[in-house]
Amino acid sequence: MSSTTSYVSDSTATRQQRFSAAQAGLRLGERLRQLRVAAGMTQTELAGDRFSKEYVSQIERGKTRPTPDTIQWLAERLSVDAGFLANGVSADERGRVDAALARADALLEARRNDEALAEFERVRSAVLATGLPELEVRALSGEATVRMRRAEIRDAIGLLERARALTETETFSDIERADVLFRLGVARFKLNSVQTAIALFDEALKVADASEIPSDHLRSNIFAWRSRCYRRRRDLEAAREDVERALELAESLNDTRTAADVYFQASIIADREGHWVLARSYAERAKAAYEELSDRGNLGRLLNNLGGINFLLGHPDEALALLKDSVRIALEVGNDDEAAHAVNGIAQVHLRTGDVARAEEQARYALKLLGDRVDEMHEIGNAQLVLGRALLAQDRLDDAEQAFKAGEAAYDQMSSGSHRAEAWIAQGDLATRRGEDRKAAELYRRAADALQDVRF
């Protein structure tokens, strides 16, 4: 287990569980006492022939936690809803909160993010008023997912840490615990804490595997996201192994959306490994699935990937058409960051085909769209290097140096030696152009040293 990952120790978790159970018992006991007094009954009368007065007294003082059957029996004696006695919320009220959360979940699934966030915020007080941890975890996890999509990563982590603490109690299943760990892993990945994300995904898989409840959908998602981590670290062999596991699970579920997402990741990995025909095949499958789902957001992202593959296969005109479609769709659905990815792809096509002025223009546009998003440091660094190389090709050496240094600074926030190596190689090329051979050699050696531990 990584020392950088903040897990609750067994002793701390046990203390939390005992404290939570004790508090729940006290609240139930107080409700029982209030309802008994309101009904004009003594402890002996409430106990009837089934229990002793002392047993009722122990429940009221929080010393004993009654079984569900006992709660049902006591509720009938008091003519109240068993759910209200157990949790302080009636079945009708829980139903209303469940319905509100279901609506928020549906908006989340439809990627109507602003509406989903408004719904989660609206239902927050009602969820807390129920005092039901399972509803709170559901609300916290859903809101965290929306906030991640809005690049509010640290806010999402705060919500998920609260959800993780709640799921440590014995009332939650291993699958629920694994789901929260998975979402935390995604958030940490988006903050470029790749090693921490891997540790969280490892733990999520371990917890999910320990459960007797089927969890193929969750496990497929965990493998797919851990594959992204390995890809970010340039460990393409491990990335491919994970994406193959994810794909096998997704196909067995006959889940179009999950399969589409995994095909997308498989395409990216095949692309990185230089298997461009295979990459295009995976991308076309993902494209068909997203079109079937009418998922314009992911379709736009996929077209960006497909455009890059077509360029590598020697079809620059087709590549530009696909990339422009990607930009158009991304802007239509309000995904400026995804539009930036495709714009940067257009800049790279122009750079590699010799149209350096257009490459500069598009790289600057991509950087404008990206702003200073903490979850887009990889793309910001990439765009800065494209800009720098376009400027270098125009003999604007000082401007190129500024762009290369900005790219290195972005990669520094990722703590990725392999990505910093790209910036050092670019700066080495600049030093060579200036005739600074010793400086160039030093930069190239630094890049080579950084890449020694990278597995391809």
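If you're wondering where the values come from, they're calculated on a predicted model, not measured in any experiment.

## Points about the confidence of the model for the protein chain
Line of reasoning, step 1. In this model, the protein chain carries an average pLDDT of 88, and 92% of its residues clear a pLDDT of 70 or more.
Line of reasoning, step 2. Averaged pLDDT values for the elements of the protein chain fall to 62 in helix α1 (residues 10-38) and rise to 97 in helix α19 (residues 356-370).

## A look at the side chain of R36
Line of reasoning, step 1. Topologically, R36 is positioned in helix α1.
Line of reasoning, step 2. For R36, a relative accessible area of 10% translates into the label buried.
Line of reasoning, step 3. Side-chain polar atoms of R36 contact the side chain of E60, separated by 2.6 Å.
Line of reasoning, step 4. If sequence neighbours within four positions are ignored, R36 has contacts with M41, T42, Q43, L46, E60 and L78.

## Side note on helix α8 (residues 133-149)
Line of reasoning, step 1. In this model, α8 (17 residues) spans 24 Å end to end at C-alpha, consistent with the 24 Å of a helix rising 1.5 Å per residue.
Line of reasoning, step 2. Counting buried positions along α8 yields 13 of 17 residues, so the element is predominantly enclosed.
Line of reasoning, step 3. Within two residues after α8, A151 carries a phi angle of roughly 65 degrees, on the positive side.

## Points about the packing of helix α14 (residues 256-272) against helix α16 (residues 296-312)
Line of reasoning, step 1. It is at 11 Å that the axes of α14 and α16 come closest, and there the two elements cross at 25 degrees. Comparing their axes, α16 and α14 come out roughly parallel. Note on packing geometry: the crossing formed by α14 with α16 is left-handed. Between α14, through R257, D261, F264, S267, I268 and D271, and α16, the contact on the second element is made entirely by N298, R301, L302, N305, I309 and L312.
Line of reasoning, step 2. Partitioning the contact of α14 with α16 into residue classes produces five nonpolar, three polar and four charged.

## Details of the nonpolar core
Line of reasoning, step 1. Grouped together as the largest cluster of nonpolar side chains are 67 residues, with contacts concentrated most on F182 and F201.
Line of reasoning, step 2. When residues no more than four places from it in sequence are discounted, the contact partners of F201 are F182, G185, V186, I222, W225, R226 and C229.
Line of reasoning, step 3. Residues L323, V343, Y411 and A423 belong to the second largest nonpolar core, which totals 40 residues.

Rules used throughout
- Residues numbered from 1 in each chain as written.
- Predicted model: local features only at pLDDT ≥ 70, side-chain atom pairs only at ≥ 80, totals over all residues.
- Heavy atoms only, no water.
- pLDDT = per-residue confidence, 0-100.
- Helix = DSSP H or I, 4+ residues; strand = E, 2+ residues; numbered from the N terminus.
- Buried < 20%, exposed > 50% of the residue type's maximum accessible area, 1.4 Å probe, protein only.
- Polar contact = N/O pair within 3.5 Å; in protein donor to acceptor, adjacent residues only side chain to side chain.
- Contact = heavy atoms within 4.5 Å.
- Expected span 1.5 Å × (residues − 1).
- Axes fitted to C-alpha atoms, helices over the stretch in contact; angles between N-to-C directions.
- Parallel < 35°, antiparallel > 145°, perpendicular 65-115°, else oblique.
- Left-handed = near helix turned anticlockwise from the far one by under 90°.
- Nonpolar A, V, L, I, M, F, W, Y, C, P; charged D, E, K, R; others polar.
- Core = buried A, V, L, I, M, F, W, Y, C linked by side-chain atoms within 4.5 Å.

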